[in-house]
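One-letter residues, chain by chain:
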Amino acid sequence: MEFFNYKKKLEIKVLLIDNNMNTLIELEKRINSELTTKIDNSEIKHNQLYINIDKIDLIDVTLFLKTNKYTKFRQLIDITAVDYPAELQRFKLVYLFLSHEYNQRIVLCYKINENEVINSLTSIFPAANWMEREVFDMYGINFKDHPDLRRILTDYGFEGHPLRKDFPLTGHSEVRYSEDQKKVITESVKLEQNYRNFDYESPWEGTSYIKEQTKNNDKKN
């Protein structure tokens, strides 16, 4: 009896997956036929539809996804970015949308150069306000027509953007909260001079003094 129930549930699960896949295939065909040249490419994976566009088509594509009666992606789940420092188009912007009515998810992506300014979605999705501020703070990506583009996670005096990995990992100053001044302050680190001899070499390559010691040992042997 238990085996029968398990088999029945498995069959139902497979059927639901197949139905959802067919629905996603239909959705992909409809979006490509309606938006034509505005879609660079699309694919279905992880039970979601992924589409790539050009940054200039962001507003038009987003409006279509939200308002079209066959899509109705009326919730913006998140906005994030991926950093590819070695590529010419360094950043990939990623938008996650959800359609409650059709129980579908879609991931919208496009690539930009390092200093490009892109359109804000705050006029279409007010929730984009904080999401875009986070991307601006973490990656330094600027959004055109954003109503209040300020840092949201780091302090106002913070230099660099954390997820670009362009801030110093070691140095002669530190950031801390001052109980006396009731704010975040930057001050010089008070360390003995012998702790100031920072080794900036890669730990995978080995530090210079270890290399020298190894070389001397090889000569002795």
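Notes on the structure in this doc start here. Keep in mind it's a predicted model, so treat the numbers as computed, not measured.

Quick word on the overall build of the protein
Summing up its helical and strand segments, the protein has four helices and nine strands in all. Each helix (α) and strand (β) of the protein, taken in turn from the N terminus, gives the series α-β-β-α-β-β-β-β-α-β-β-β-α. In the protein, which comprises 221 residues, the share counted as buried stands at 33%. Here the protein has roughly 15,200 Å² of accessible surface; of this, 52% comes from carbon and sulfur atoms.

A few points about unusual backbone geometry
Positive phi is not limited to glycine here, since lysine 72 has a value of about 55 degrees. Secondary-structure assignment places lysine 72 in the loop between α2 (58–67) and β3 (75–83). Owing to a relative accessible area of 17%, lysine 72 belongs among the buried residues under this scheme. One non-glycine residue, lysine 182, lies in the positive phi region at around 55 degrees. The residue lysine 182 is located in the loop between β8 (173–178) and β9 (183–188) in this model. Take lysine 182: its relative accessible area is 55%, and that puts it in the exposed class.

Side note on the pairing of strand β1 (residues 39–45)
As defined by bridge partners, β1 adjoins strand β2 (residues 48–53) across six bridges and the pair is classed as antiparallel. Each residue of the ladder has a partner; that of lysine 45, found in β2, is glutamine 48. Following β1, the chain reverses through two residues before pairing antiparallel with β2; histidine 46 in that reversal takes a positive phi of roughly 55 degrees.

Quick word on the sheet that holds β2
Within the open sheet, the five strands sit side by side as β1-β2-β5-β4-β3. Their pairing is mixed. Looking at strand neighbours, the two that pair on one side only are β1 and β3, the edges of this open sheet. Between one strand and the next, the sheet's axes are offset by a mean angle of 20 degrees, whatever the strand orientation. Looking at chain direction, β2 and strand β5 (residues 104–112) are connected through four bridges and run parallel. Across the sheet, residue leucine 49 finds its bridge partner in β5, namely isoleucine 106. Lying over the sheet, α2 contacts β2, β4 (91–99) and β5, oriented at roughly 180 degrees with respect to β5. Its contacts with the sheet put helix α3 (residues 128–139) on β3 and β4, and the angle it makes with β3 is roughly 10 degrees.

Examining the environment of aspartate 60
As for its position among the elements, aspartate 60 is in helix α2. Accessibility expressed as a relative area gives 38% for aspartate 60, which makes it partly exposed. In this structure, the C-alpha to C-alpha distance between aspartate 60 and leucine 35, residues 25 residues apart in sequence, is 9.0 Å.

Let's talk about α3
Look at α3: 16 Å from first C-alpha to last across 12 residues, which is about the 16 Å you get at 1.5 Å a residue. Burial analysis of α3 places 10 of its 12 residues in the buried class, which makes it a mostly covered element. Among the residues of α3, those classed as buried are Ala128, Asn129, Met131, Glu132, Arg133, Val135, Phe136, Asp137, Met138 and Tyr139. Buried positions along α3 lie against β3, β4, β6 (117–119) and β7 (142–144). Positive phi appears at glycine 140, one or two residues downstream of α3, with a value of about 80 degrees.

Details of the pattern of salt bridges
The tally for this structure, following the rule as stated, stands at 14 salt bridges. Between glutamate 187 and arginine 176 there is a salt bridge whose closest N-O contact spans 2.5 Å. Placement of the pair is glutamate 187 in strand β9 and arginine 176 in strand β8, with a sequence separation of 11 residues. Arginine 176 gets classed as partly exposed once you look at its relative accessible area, which sits at 35%. Where glutamate 179 meets lysine 182, a salt bridge forms, and the shortest distance between an N and an O atom there is 3.1 Å. As far as the burial class goes, glutamate 179 and lysine 182 line up, both exposed. Because the salt bridges share partners, they merge into one network encompassing Asp83, Arg90, Glu114 and Arg164.

Procedures and definitions
Residues numbered from 1 in each chain as written. Predicted model: local features only at pLDDT ≥ 70, side-chain atom pairs only at ≥ 80, totals over all residues. Heavy atoms only, no water. Helix = DSSP H or I, 4+ residues; strand = E, 2+ residues; numbered from the N terminus. Buried < 20%, exposed > 50% of the residue type's maximum accessible area, 1.4 Å probe, protein only. Areas by Shrake-Rupley, 256 points an atom, 1.4 Å probe, with all protein chains shown as cover. Pairing = 2+ DSSP bridges. Axes fitted to C-alpha atoms, helices over the stretch in contact; angles between N-to-C directions. Contact = heavy atoms within 4.5 Å. Expected span 1.5 Å × (residues − 1). Salt bridge = Lys/Arg side-chain N within 4 Å of Asp/Glu carboxyl O.

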